[in-house]
Amino acid sequence: EIYGVDHALFSRMQLLHDGRTVERKQVPLRKLQWNSRPDEEFGECTEELYDEVCPYVENWQMGCRKTLEERLGLTQAWQAKHLVEDLEAYRYTTEDDVRSAGYPGLTTLYCIHEVSFRVRDPACAGVQVIGLPEGNEFATAEGDFNFHSQQDDDGLAIGTQLNIWAWGRESCTTPPGSGDGTGTHGSRTSGGSPRPSTISRVSRKGRESRILRDGLPPRRVPQPAMALKVTEKMEERMRQDRLRPPSNMLWASMEGMRTDWPRVKRIAAQILDPKYTLHRFNADLSAFPELNLYLLDDRMDDGAGSELMVNTKMSSGRSIGDEYQRTIGAFFAIYWMMRLDIDGKEGFTNGVDDHWKPLSITDEDDIRVSQADKRINFMKNAQWDFFRTLLMNAGLLEEKKSSSFFKSATKIQVNEQRLESLLALTAIHDIMKMNVLLPVVQKEHEPYRGYVAGDTIGDHDHALSYIMEYYPEMLPSFRELEPEEKRGVQLSQCNFCFNHGWFVQAEAPPGAIFTKFREALIRDHKSQMGQRDVALYFVHWLTDLAGAEPSPLAGCDKFVTKFPLPVLNSFLRSFEFIEKIASHTETEVMEEYLKTRWMENIPWPGPLPTGDAAIARMRLLCMAQMNAPWVLRDWDELVDQDKDVLSLELSRTGCVGQSFSANLVPRDASSRLEGPAFLVYYGPA
């Protein structure tokens, strides 16, 4: 993970021995070596060649290790120390009768092992050689590569090349036919960061097997009892030969479905009841018919003896079962966050036992959970008050004051209508990750966010926005919400181009951080959104990420064991300020945040600064994080000319007609509203 988001390693550019430059995304790959010449063993293609463990080639696990050593220069000892294989992600596939790119006319059998390794600790100094923790690009050479040799008469040896490696959010692979040569068995590897040591789920040939890791039991929820019957009906309607734009499959699967609103209202009414258990909450989630979409079978019999293939591949790269578990994980995060004063902290941090009761962990050697030490630290040091503040600002929780002759009291209660909207949003948010459901833009709606008539909307957030805007009747859990609540739900699908890290660490000026955010609010929603709608957007962002691991019964693993707690606390603290962008200027929001960070910093840096260098010093404090005392001390040792330059440049806003308060910046920054304003990219590094 890089800043809490999964990334995969790929080579984006290869400089070849003959001077050519090839730009393509390619994960580390390598052909497995033959144990002996194949023509000495057999004269024709045998079944053994298709086997996952092929007797004619080297061991594929060892081949993966060699791939990382030969392509990336990572020794076996380095790999053993810093990498762990992600057993859940392993796949073995065969692709037969593929036309060879290297030998025209020759068809080839490819047997492919796809293996993922995750970095144990991205913050460890030893992994800087592969661009972590920031995700920087780096280069490796194969053979005796140097640029001067390309100019020699003899040139470079064949096979010599320079690879430029990058970290990307999406997993990248190279089609078999585009590789070099015609090898039979091959291995692909991809790199990432640690995944919680829970369970791995491997699905092969329609049968599911579960592999226990670290001796822990599976932490997934069972499928609803009625799910099979419901999905069978949905599949039957999908087989009908009808064309209904913009998404025939979504029409077919949702037609006639209704949300069980009495049950949803019961969730909202009982969620603060100590007797309302997680097990009961999970059962009540069957009220949302859209959840059944995650459970559709991959293959369906069309009734005529042939098979109708339905492309239910997830755009996220996960299986449909995983996406169902992740969605349930987001629901559980809502349940636990709403119940922080009951049992929510324990559930959020540690998950539940076999009886769905929240676990209490006090011993770092507790074998019931993975990484017990991190869970204990999270429970103790997470800023739980910031969670509550966010829920209050989003209108999910409200204070109700009551008074009597003897005393007055304040009671926290649920805004049931608001919670129902968040639950509905969670149910539908990821359904468009199933490619088969993606809508096609109709003529009367073009252009739509860059798509023209006839285009399939590939971005799952834009696809859901399109349905909500023009075909709300296709989504039972959305269509019956109140108009005001619908606007809040639609806001969650906006592309704000918002980089949270830039704001939290004050790397960027207000214009780079907020201008597109405000433009999206004004353009897409005509300024109808208020502060509580922006807060709801961040509640959804938080719960969606909290459930990112497909093991909902293990708690919110993504935040508890994988996300740096100081960073999470900083993000939670920042929400209160970001929400104000709905009613304040970019610079006003930024200035208030900087002042608050200064006054709340530990150790306290002193009174709030004023004068020409005030904004510059406040931004440096945010960038320096734990090193702030030393950076501020060194500021005083700078020569005046350097101070003047930094004070001016760090005080530019990047917003037309806006300036920080005049008593915090140089006169030129407040009286001459000019640019450019610099973004100190990776400033904290």
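Please read all numbers here as calculations on a predicted model, not as lab measurements.

Visitor: In this structure, what is going on with the overall build of the protein chain? I would like to understand it.
Guide: When helices and strands are counted, the protein chain shows 25 helices and 15 strands. Considering the protein chain as a whole, with its 685 residues, one finds that 51% of them fall into the buried category.

Visitor: Is there a simple way to think about the nonpolar core in this case?
Guide: A general feature of soluble globular proteins is that nonpolar side chains tend to end up buried together. Counting 129 residues, the largest nonpolar core has Phe281, Phe331, Phe332, Phe348 and Phe503 as its most contacted members. Examining the composition of this core, we find that ten residues originate from one element, helix 8 (residues 320–338), more than from any other. If sequence neighbours within four positions are ignored, phenylalanine 331 has contacts with Phe281, Leu285, Phe288, Leu291, Leu423, Thr426 and Ala427. In this structure, Cys54, Cys111, Phe117 and Leu132 belong to the second largest nonpolar core, which totals 27 residues.

Visitor: How do you make sense of helix 22 (residues 614–624) when you look at a structure like this?
Guide: Owing to its 3.6 residues per turn, the α-helix aligns residues three or four sequence positions apart on the same side. Counting buried positions over the eleven residues of helix 22 gives ten, a clear majority of the element. Along helix 22, the residues that are buried comprise Ala614, Ile615, Ala616, Met618, Arg619, Leu620, Leu621, Cys622, Met623 and Ala624. Close packing links the buried residues of helix 22 with helix 16 (500–504), helix 21 (586–600), helix 23 (628–635) and helix 24 (640–649).

Visitor: I keep staring at the side chain of glutamine 442 and nothing clicks. Help me out?
Guide: In this fold, glutamine 442 is placed in the loop between helix 12 (416–428) and helix 13 (460–470). Judged by relative accessible area, glutamine 442 falls into the buried class, the value being 17%. Among the polar contacts listed, one links the side chain of glutamine 442 to the backbone oxygen of valine 440, at a separation of 2.9 Å. Setting aside anything within four residues of it in sequence, one finds glutamine 442 in contact with Pro245, Pro246, Ala453, Tyr466 and Tyr471.

Visitor: Would you mind going over the packing of helix 11 (residues 384–393) against helix 18 (residues 531–546) with me for this structure?
Guide: Between two packed helices, both the angle of their axes relative to each other and the distance between the axes serve to describe the pair. At a minimum axis distance of 8 Å, the contact between helix 11 and helix 18 shows a crossing angle of 135 degrees. Looking at the two axes, helix 11 sits oblique to helix 18. Viewed along their axes, helix 11 and helix 18 form a crossing whose handedness is left-handed. Facing helix 11, whose interface residues are Phe387, Leu390, Leu391 and Asn393, helix 18 presents Arg532, Ala535, Phe538, Val539 and Leu542. Broken down by class, the residue content of the contact of helix 11 with helix 18 amounts to seven nonpolar, one polar and one charged.

Visitor: What am I meant to see in the environment of methionine 337 here?
Guide: Mapped onto the fold, methionine 337 is located in helix 8. Taking the C-alpha atoms as reference, methionine 337 lies 8.3 Å from leucine 391; in sequence the two are 54 residues apart. Every residue in contact with methionine 337, bar those within four places of it in the chain, is listed here: Phe348, Phe387, Leu391, Leu542 and Thr543.

Visitor: In this structure, what is going on with the packing of aromatic side chains? I would like to understand it.
Guide: Centre distance and the angle of the planes are the two values used to describe a pair of aromatic rings. Applying the stated rule across the entire model yields 30 aromatic pairs. The ring of tryptophan 251 carries the charged tip of arginine 244 above its face, separated from the ring centre by 4.2 Å. The aromatic ring of phenylalanine 478 is capped on one face by lysine 486, whose charged end is 5.5 Å from the ring centroid.

Visitor: Hey, could you run me through unusual backbone geometry in this one?
Guide: Among all residues except glycine, the phi angle is most often negative; among peptide bonds, the trans geometry is most common. Cis peptide bonds are those with omega within 30 degrees of zero, and the linkage from leucine 132 to proline 133 qualifies with 10 degrees. Within the secondary structure, proline 133 sits in the loop between strand 6 (107–119) and strand 7 (138–142). Put simply, glutamate 446 and proline 447 share a cis peptide bond, and its omega is -10 degrees. Considering the arrangement of structural elements, one finds proline 447 in the loop between helix 12 and helix 13. Of note in the backbone geometry, arginine 449 takes a positive phi value of approximately 50 degrees without being a glycine. The topology assignment puts arginine 449 in the loop between helix 12 and helix 13. Of the residues examined, arginine 449 reaches a relative accessible area of 33% and is grouped as partly exposed.

Visitor: Sorry if this is basic, but what is going on with a nonpolar patch on the surface here?
Guide: Among the surface-exposed residues, Met599, Trp604 and Leu608 lie close enough to one another that they form a single nonpolar patch of about 300 Å² accessible area. Mapping leucine 608 onto the fold places it in the loop between helix 21 and helix 22.

Visitor: Looking at this model, I keep getting lost on the pattern of salt bridges. Mind explaining?
Guide: Two side chains carrying opposite charge are able to pair once their charged atoms lie near each other. On inspection of all chains with the given rule, the structure shows 30 salt bridges. The residue glutamate 58 makes a salt bridge to lysine 66 at a minimum N-O spacing of 3.3 Å. The partner of glutamate 114 in a salt bridge is arginine 91, with the nearest N and O atoms 3.1 Å apart. Of the two residues, glutamate 114 sits in strand 6 while arginine 91 sits in strand 5 (residues 91–99), which places them 23 residues apart along the sequence. Note on glutamate 114: relative accessible area 15%, which makes it buried. Residue arginine 91 is classed as partly exposed on the basis of its relative accessible area of 48%.

Visitor: Would you mind showing me how to read the side chain of glutamate 579 here?
Guide: With respect to the helices and strands, the residue glutamate 579 is situated in the loop between helix 20 (565–578) and helix 21. In this structure glutamate 579 touches Leu390, Asn393, Gln531, Val534 and Ala535, once residues within four positions along its chain are discounted.

Visitor: It is not clear to me how the environment of alanine 463 should be interpreted in this structure. Could you clarify?
Guide: Relative to the elements of secondary structure, alanine 463 occurs in helix 13. Of the residues examined, alanine 463 reaches a relative accessible area of 0% and is grouped as buried. Along the primary structure alanine 463 and leucine 437 are separated by 26 residues, whereas in three dimensions their C-alpha atoms are 9.1 Å apart.

So, how was this worked out
Residues numbered from 1 in each chain as written. Predicted model: local features only at pLDDT ≥ 70, side-chain atom pairs only at ≥ 80, totals over all residues. Heavy atoms only, no water. Helix = DSSP H or I, 4+ residues; strand = E, 2+ residues; numbered from the N terminus. Buried < 20%, exposed > 50% of the residue type's maximum accessible area, 1.4 Å probe, protein only. Core = buried A, V, L, I, M, F, W, Y, C linked by side-chain atoms within 4.5 Å. Contact = heavy atoms within 4.5 Å. Polar contact = N/O pair within 3.5 Å; in protein donor to acceptor, adjacent residues only side chain to side chain. Axes fitted to C-alpha atoms, helices over the stretch in contact; angles between N-to-C directions. Parallel < 35°, antiparallel > 145°, perpendicular 65-115°, else oblique. Left-handed = near helix turned anticlockwise from the far one by under 90°. Nonpolar A, V, L, I, M, F, W, Y, C, P; charged D, E, K, R; others polar. Phe/Tyr/Trp six-rings, centres within 6.5 Å; stacked < 30°, edge-to-face > 60°. Lys NZ or Arg CZ within 6 Å of the ring centre and 35° of its normal. Patch = residues over 30% accessible without salt bridge, like charges linked within 9 Å, V, L, I, M, F, W, Y side chains within 5 Å. Areas by Shrake-Rupley, 256 points an atom, 1.4 Å probe, with all protein chains shown as cover. Salt bridge = Lys/Arg side-chain N within 4 Å of Asp/Glu carboxyl O.

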